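Next come the chains, spelled out residue by residue.
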Amino acid sequence: MHPTRRWLSLWTRPLGDRRWDVLVRTTAAVALLGIPTVIAFPRLVPLVWLAVVSIPTNSPLSPIIPTAFEPVIMEAAKYERAIWVTLVALGGYMYMEYLNWHAYAWVMSWKRFAPFKSRRWVQRSIEYFARSPFATVVFFAFAPFPFWVARCLAILHHYSLRQFMVATAVGRFPRLYLYAWVGERLRVPTVLLLGVIVAGAAAVIATRLARGQRVLADTVFDQEAEAPPSVQSDDDSRKAGAA
């Protein structure tokens, strides 16, 4: 095979689980784009570094490093103005959220997740979401709650991707700016920020190992896929009875 075609196939041929495939390719692409940017504009090193790190911290890795993104923003704000840090962080986050939407939609289209989508508590959650989808997404984007909840509900409700992205940006911008502003004003020591990142990851990993779960398992879908059909049906029966 010609070297050029081999290089193109390396970037375009799907490899393994689509979620992890997207993570590796996206991180590599952003890092490669950052090299000429840093060479041409050395002053932008903190922002380029933030853009690269924002990919894995908002990827399928994020459930095991839940406290990584915010400390990184606070660290970058020591070297650049809070507004620029916020815009770069928001850009990286929104890019990954666009990819996460499609990755989640792909996973949720699997037939094995049909029982999950038909559960009564899931259907009720979708009904509540449908009453005010835009405000719900904004709330979850701003509040310190797992954002995958809003993402899953939006996909199940067939909510407009454009509206979802706008609502996400509206909610995330003030939250990210708050962290950048605090980082710029207080200049929290790097050691403390690293401690927050490590402590959060250690807590999640220890909890998963104690429960016998895979460390890199997805918060929702991997556990759901691994659950035996009998367990899933029993769970549905219990929830239906309780309702």
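This text goes with the structure placed above it.
Summarised in this report is the structure supplied together with it. Keep in mind the model is a prediction, meaning the values are calculated, not measured.

1. Observations regarding the overall build of the chain
- Helices and strands together make up the secondary structure of the chain, namely 13 helices and zero strands.
- Sequence-ordered secondary structure for the chain, helices as α and strands as β, is α-α-α-α-α-α-α-α-α-α-α-α-α.
- Per-residue burial for the chain yields a buried fraction of 38% across its 243 residues.
- A sequence separation of at least 24 residues applies to 74% of the contacts in the chain between residues at least 6 apart.

2. What about the packing of helix H7 (residues 120-131) against helix H8 (residues 133-142)?
- Between H7 and H8, whose axes approach to 5 Å, the crossing angle comes to 100°. With respect to each other, H7 and H8 are oriented roughly perpendicular. Facing Phe129, Ala130 and Arg131 of H7, the residues of H8 in contact are Pro133, Thr136 and Val137.
- When the residues that make up the contact of H7 with H8 are grouped by side-chain class, the tally is four nonpolar, one polar and one charged.

3. Some details on the nonpolar core
- Core analysis: the largest hydrophobic core is formed by 38 residues, its most contacted members being Leu50, Ile73, Val85, Phe147 and Phe164.
- At nine residues, helix H5 (residues 82-108) tops the list of elements feeding residues into this core.

4. Quick look at unusual backbone geometry
- The phi torsion at His158 lies on the positive side, around 60°, for a residue other than glycine.
- Positioned with a positive phi, Arg187 is a non-glycine residue whose angle comes to about 50°.
- Turning to its location among the elements, Arg187 is positioned in the loop between helix H10 (161-186) and helix H11 (190-210).

5. Here's the deal with the environment of Gly34
- Examined against the element boundaries, Gly34 turns out to sit in helix H2 (residues 18-40).
- Of the residues examined, Gly34 reaches a relative accessible area of 7% and is grouped as buried.
- Considered as a pair, Gly34 and Ala51 are 17 residues apart in the sequence and their alpha carbons are 8.5 Å apart.

6. Side note on the layout of surface pockets
- Reported here for the second largest pocket is a volume of approximately 180 Å³.
- Around the second largest pocket, the lining is made up of 10 residues, and of these Phe116, Trp121, Val122, Trp148 and Cys152 lie nearest the centre.
- Put simply, the parts of the chain that give the lining of the second largest pocket at least two residues each are H7 and helix H9 (148-156).
- Among the elements that make up the lining of the second largest pocket, the one with the highest residue count is H9 (five residues).
- Here the lining of the second largest pocket is built from residues that sort into nine nonpolar, one polar and no charged.

7. Remarks on a nonpolar patch on the surface
- Taken together, the side chains of Leu32, Ile35 and Ile39 present a nonpolar region at the surface, about 310 Å² in accessible area.
- Locating Leu32 in the fold gives a position in helix H2.
- Residue class for Leu32 comes out partly exposed when judged on its relative accessible area of 43%.

8. Topic: H7
- For H7, with 12 residues, the first-to-last C-alpha span of 17 Å sits near the 16 Å given by 1.5 Å per residue.
- The inward-facing, buried residues of H7 contact helix H6 (114-117), H8 and H9.

9. Considering the packing of H7 against H9
- Contact geometry for H7 and H9: axes closest at 10 Å, N-to-C directions at 90°. Put simply, H7 runs roughly perpendicular to H9. Together, Val122, Ser125, Ile126 and Phe129 of H7 and Ala150, Leu153, Ala154 and Leu156 of H9 make up the contact between the two elements.
- Residues belonging to the contact of H7 with H9 are distributed by class as follows: seven nonpolar, one polar and no charged.

10. As for the packing of aromatic side chains
- Applying the stated criterion to the full structure yields 10 aromatic pairs.
- Residues Phe173 and Tyr177 carry aromatic rings whose centres are separated by 6.3 Å and whose planes lie at 15° to one another, so their mutual orientation is stacked. Taken as a pair, Phe173 and Tyr177 lie in helix H10 at a separation of four residues, close to a single helical turn.
- Judged by relative accessible area, which is 30%, Phe173 ranks as partly exposed.
- Residue Tyr177 is classed as partly exposed on the basis of its relative accessible area, which comes to 33%.
- Members of the aromatic cluster, joined through ring pairs, are Phe69, Tyr93, Trp101, Phe147 and Phe164.

Quick notes on the rules
- Residues numbered from 1 in each chain as written.
- Predicted model: local features only at pLDDT ≥ 70, side-chain atom pairs only at ≥ 80, totals over all residues.
- Heavy atoms only, no water.
- Helix = DSSP H or I, 4+ residues; strand = E, 2+ residues; numbered from the N terminus.
- Buried < 20%, exposed > 50% of the residue type's maximum accessible area, 1.4 Å probe, protein only.
- Contact = heavy atoms within 4.5 Å.
- Axes fitted to C-alpha atoms, helices over the stretch in contact; angles between N-to-C directions.
- Parallel < 35°, antiparallel > 145°, perpendicular 65-115°, else oblique.
- Nonpolar A, V, L, I, M, F, W, Y, C, P; charged D, E, K, R; others polar.
- Core = buried A, V, L, I, M, F, W, Y, C linked by side-chain atoms within 4.5 Å.
- 1 Å grid on protein atoms, 1.4 Å probe; cavity = no way out; pocket = protein on both sides within 12 Å on 5 of 7 lines; lining within 4 Å.
- Points joined across faces, edges and corners; volume = space filled by probe spheres on them.
- Patch = residues over 30% accessible without salt bridge, like charges linked within 9 Å, V, L, I, M, F, W, Y side chains within 5 Å.
- Areas by Shrake-Rupley, 256 points an atom, 1.4 Å probe, with all protein chains shown as cover.
- Salt bridge = Lys/Arg side-chain N within 4 Å of Asp/Glu carboxyl O.
- Expected span 1.5 Å × (residues − 1).
- Phe/Tyr/Trp six-rings, centres within 6.5 Å; stacked < 30°, edge-to-face > 60°.

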